[in-house]
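Summary of the model geometry
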Amino acid sequence: QELLSNHPINLNRIEQGKDPANSIWPWSPGYKPSMKTMNELYGIKNGVVISAVDLIRGIGVYAGLTPIIVDGATGLYDTNYEGKTEAAINALKGDCDFVFLHIEASDEAGHEGDMDLKIRTIEYLDKRVLAPIVNALSSINEPVTIAVLPDHPTPCRIRTHTATPVPFL
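Keep in mind it's a predicted model, so treat the numbers as computed, not measured.

Cut-offs applied
Residues numbered from 1 in each chain as written. Predicted model: local features only at pLDDT ≥ 70, side-chain atom pairs only at ≥ 80, totals over all residues. Heavy atoms only, no water. Pairing = 2+ DSSP bridges. Helix = DSSP H or I, 4+ residues; strand = E, 2+ residues; numbered from the N terminus. Axes fitted to C-alpha atoms, helices over the stretch in contact; angles between N-to-C directions. Salt bridge = Lys/Arg side-chain N within 4 Å of Asp/Glu carboxyl O. Buried < 20%, exposed > 50% of the residue type's maximum accessible area, 1.4 Å probe, protein only.

Pairing in this open sheet of three strands is parallel, and the strands run β2-β1-β3 from one edge to the other. The open sheet has two edge strands with one neighbour each: β2 (66-68) and β3 (98-101). Going from strand to strand, the sheet's axes swing by 25 degrees on average, the running direction of each strand aside. The pairing of strand β1 (residues 47-50) with β3 spans four bridges and is classified as parallel. Within the sheet, the bridge partner assigned to Val 49 lies in β3 and is Phe 100.

The following block contains the structure:
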């Protein structure tokens, strides 16, 4: 705050009638995790991670997965569901033996406390992601296992994460 109070950019902002910056908050500093890769743990040689969330993508990279960036993937309810779905299907039809597809939309709806939006994002997941992937599996001549689960609950009534065990399908 001492550095920012007399910084030329802030002095200029004040002259223009704008609010000055008054704090710098580095987010999530930490250490490089020490973790085994999916290959070391399970023999997965060609895995991918599809996520608009940097944290999830980074964990995937540490786990030895190759990130796939999808245009229009936002991490919100307006994300490019179809683009993420297409990327997952193409990976499954290619030489990938593992696809981690992450969609943040329902978590964000929980943070907003918007039950209608949360329901809609779950319906989107069902219709715009799961249904096309399940339909595409008929053209894949290998067994495929799909797990559907949240990384944590985010109940709309409290608008934050809980440590409650997660359901899965």
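Anyway, onward from the coordinates.
Further remarks concern the pattern of salt bridges. Evaluated as defined, the whole model comprises two salt bridges. Here Arg 57 ties to Asp 54 by a salt bridge, and the two come within 3.0 Å at their closest N and O atoms. Here Arg 57 pairs with Asp 54, and both are found in helix α4 (residues 54-62), just three residues apart, close to one helical turn. Residue classification places Arg 57 among the buried positions, given a relative accessible area of 19%. With a shortest N-O distance of 2.7 Å, Glu 82 and Arg 128 are connected by a salt bridge. One end of the pair, Glu 82, is in helix α5 (residues 81-93); the other, Arg 128, is in helix α7 (residues 115-136), with 46 residues separating them in the sequence.

Treat this as a map of the structure, not an account of what it does.
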